[in-house]
Amino acid sequence: MLQSMSISGGVPLNGEVTVSGSKNLALPSLAASLLTDSPLTLRNVPRLSDIDSMLDLLSYLGTRIEKSENNSISMVTPDIKATDAPYDFVRKMRASILVLGPLIARCRRASVSLPGGCAIGARGVNLHISALEQMGADIVIDNGYIKASAPKGLFGCDIHFPISTVTGTENILMAASLAKGTTRIINAAMEPEVTALADLLILMGAKIEGHGGSIITIEGTDSLNGADFAIMPDRIETGTYAIAASVTNGNLILKNCIYDHLSQFFDTLRLAGIESKIISKTPDGLDNIEVHRSERDDRIRPVDVLTAPYPGFATDLQAQFMTLMTICNGTSSITENIFENRFMHVPELSRLGANISIHGKTAVVTGVRNLIGTQVMATDLRASVSLVLAGLMARGETIVNRLYHIDRGYENIDQKLLSCNARIERFTV
Ligand code: EPU
């Protein structure tokens, strides 16, 4: 049975939202548990269906998992019981590819279903495969599976990624931690999630330098130990709620965030007429950020953006930013440089009255005064939240169908929005 959300728009959101742990750090961190036979405890793991999908896969591979009430997960994998990731797991979640590096590193073989296409683009894994081949793995594609073997183990080498890949860099970081010799990843992804994964691996005994920059050096070790590690706040969730405050002309305090991870995004919001500032720190040193519209403007100002690898404008915030631009006072152009098919929210936003035309990689958004509620359909995680944001500001009632996408990446979104005065209701159709 499918779920939908009904939203009565036009209510300014006011109050506090506590940001959850990062989905895109939690996923590779869970996969890292395969690298050791010692216990790994992760704290602040968000409750999301993508996390459950990864835990199901790990459990199939032989990991014993204990979940606690307080969002901690303890895992131990004394032995790997299976070295294959079947299609049914990978089909549900592309990030299942993150077990490829750890399985080859620990078991010297792996068979992982090819992810296939996904809503936002083809998203190949050729760079993951060629990097592991350069490290000594023999890989064939057979019956839709990536079948890898490395009977003598993996060997460090220089890996030049021709384009920046987040999970590609993460797979190689994990594989290289247990390889023989030194690996250098050149043109490594610099996303905070990659850097934090390297921090976790270092805590587990890996020897890694340069993470956060474009060249990462990993000196392989024979074994890794367990660790106890807190997942950092989700920067994309933070950015999404910042836009929720902006589109509804409300005032939100976003608690437990890291401002620095979004400094370019907040600069872009400032150009659009949105103020943000750190108002206090948590005992753990995290930021509490206040976001509201600038008092000088009564309309949102148009801003042009281009998505790019970190520290550029995140593709994962493009759809939400486009929702903000639908009510700007002028014309904004939004260029998607990371994924070739990430404008699927455009026809749905148009159904709500937005004026958007697509020219290749660029969407040209001419602002209108108001969106008007109607039925829309979510197609992927970030597109679906952009429609919820649109519903929050649209006049009348918006119904967002196929809501399941949103539960892959937004913990407790209903409760978080309701606590800030949103008029929303979820129902099953
Ligand atoms: N690419 C290839 N070959 C490869 C790997 C990547 O052609 O072997 C291409 C992709 O098709 C894409 C580009 O390189 O055009 C960058 O893709 P990347 O590998 O960086 O993406 P990813 O690792 O699959 C992660 C996030 C995505 C996020 C992107 C970009 C996780 C689990 N997923 O995906 O998150 O959009 O990086 O920042 O970390 C989301 O959370 O909604 C989401 C889609």
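Above this note sits the structure.
This text gives an overview of the structure that appears in the document. If you're wondering where the values come from, they're calculated on a predicted model, not measured in any experiment.

Because each turn of an α-helix spans 3.6 residues, side chains separated by three or four positions in sequence point in the same direction. What helix 5 (residues 126-134) keeps buried is the set Leu-127, His-128, Ile-129, Ala-131 and Leu-132. On its buried face, helix 5 sits against helix 4 (100-107), strand 8 (138-142), strand 9 (145-149), strand 10 (158-160) and helix 6 (166-177). Positioned one or two residues after helix 5, Gly-136 has a phi angle of 110 degrees, which is positive.

For the rest of this paragraph, the subject is the site of the ligand. In the neighbourhood of the ligand, 22 residues make up the surrounding shell, with Asn-126, Thr-165, Thr-167, Asp-316 and Ile-338 lying closest. Note that an oxygen atom of the ligand is positioned 2.6 Å from one of the side-chain N or O atoms of Asp-316. Take Arg-342: an N or O atom from its side chain is 3.4 Å from an oxygen atom of the ligand. Broken down by secondary-structure element, the contributors of at least two residues to the shell around the ligand are helix 1 (23-32), helix 5, helix 6 and helix 12 (381-393). Here the element with the most residues in the shell around the ligand is helix 5; it accounts for 3 residues. The residue makeup of the shell around the ligand, split by class, is 9 nonpolar, 8 polar and 5 charged. Each of two domains, domain 1 (3-20 + 233-428) and domain 2 (23-230), supplies a minimum of three residues to the shell around the ligand.

This part takes up the sheet that holds strand 2 (residues 14-18). One open sheet holds the 4 strands; their spatial order is 2-15-17-16, and the pairing between them is mixed. Every other strand in the sheet has two partners, leaving strand 2 and strand 16 (274-281) as the edge strands with one partner each. Each strand of the sheet is rotated relative to its neighbour by a mean of 20 degrees, with strand direction disregarded. On top of the sheet, helix 8 (residues 235-247) reaches strand 2, strand 15 (251-257), strand 16 and strand 17 (287-293); it is set at about 170 degrees to strand 15, its chief contact. On the sheet, helix 9 (residues 263-271) packs against strand 16 and strand 17 and is oriented at approximately 135 degrees with respect to strand 16.

What follows deals with the pairing of strand 17. Burial within strand 17 is extensive, with 7 of its 7 residues counted as buried. Side chains of strand 17 alternate between two faces, with Asp-287, Ile-289, Val-291 and Arg-293 and Asn-288, Glu-290 and His-292 buried alike. The sheet contact formed by strand 16 and strand 17 spans 7 bridges and is antiparallel. Bridge assignment links Lys-277 to a residue of strand 17, and that residue is Glu-290. Between strand 16 and strand 17, which pair antiparallel in sequence order, lie 5 residues; one of them, Gly-285, sits at a positive phi of approximately 85 degrees.

Once that is clear, we can look at the environment of Ser-4. Structurally, Ser-4 can be placed in strand 1 (residues 3-8). Using a relative accessible area of 0% as the deciding quantity, one classes Ser-4 as buried. Separated by 272 residues in sequence, Ser-4 and Ser-276 place their C-alpha atoms 31 Å apart. Once residues within four sequence positions are removed from consideration, Ser-4 is found in contact with Ile-399, Val-400, Asn-401, Arg-402, Leu-403, Glu-425, Arg-426, Phe-427 and Val-429. Separated by 2.7 Å, the side chains of Ser-4 and Asn-401 make a polar contact.

Here is what the cut-offs are and how they apply
Once a new chain begins, its residue numbering starts again from 1 and follows that chain's sequence as written. With pLDDT at 70 or above as the cut-off, local features in this predicted model cover only qualifying residues; side-chain atom pairs require 80 or more to be listed or tallied, and sums for whole chains, interfaces and linings still use all residues. Water and hydrogen atoms were dropped before computing side-chain values, which therefore reflect all heavy atoms in the structure. Relative accessibility under 20% of the residue-type maximum defines a buried residue, over 50% an exposed one, and the middle range a partly exposed one, all with a 1.4 Å probe and only protein chains included. Put simply, DSSP marks the helices as runs of H or I at least four residues long and the strands as runs of E at least two long, and each gets a number from the N terminus on. Any pair of residues with heavy atoms lying within 4.5 Å of one another is described as a contacting pair. Note on definitions. A residue lies near a molecule or strand when any single heavy atom of the residue is within 4 Å of it. We define a polar contact as two N or O atoms separated by no more than 3.5 Å, with the added condition that, inside protein, one atom must be a possible hydrogen donor and the other a possible acceptor, whereas residues neighbouring each other in sequence contribute only through side-chain atom pairs. Residues are grouped as follows: nonpolar covers Ala, Val, Leu, Ile, Met, Phe, Trp, Tyr, Cys and Pro; charged covers Asp, Glu, Lys and Arg; every other residue, Gly included, is treated as polar. An automatic or database domain assignment supplies the residue ranges for each domain. In this description, strands pair whenever DSSP reports at least two bridges between them. Axis lines are fitted to C-alpha atoms, over the contacting stretch for helices. Their N-to-C directions set the angle, which ranges from 0 to 180 degrees.

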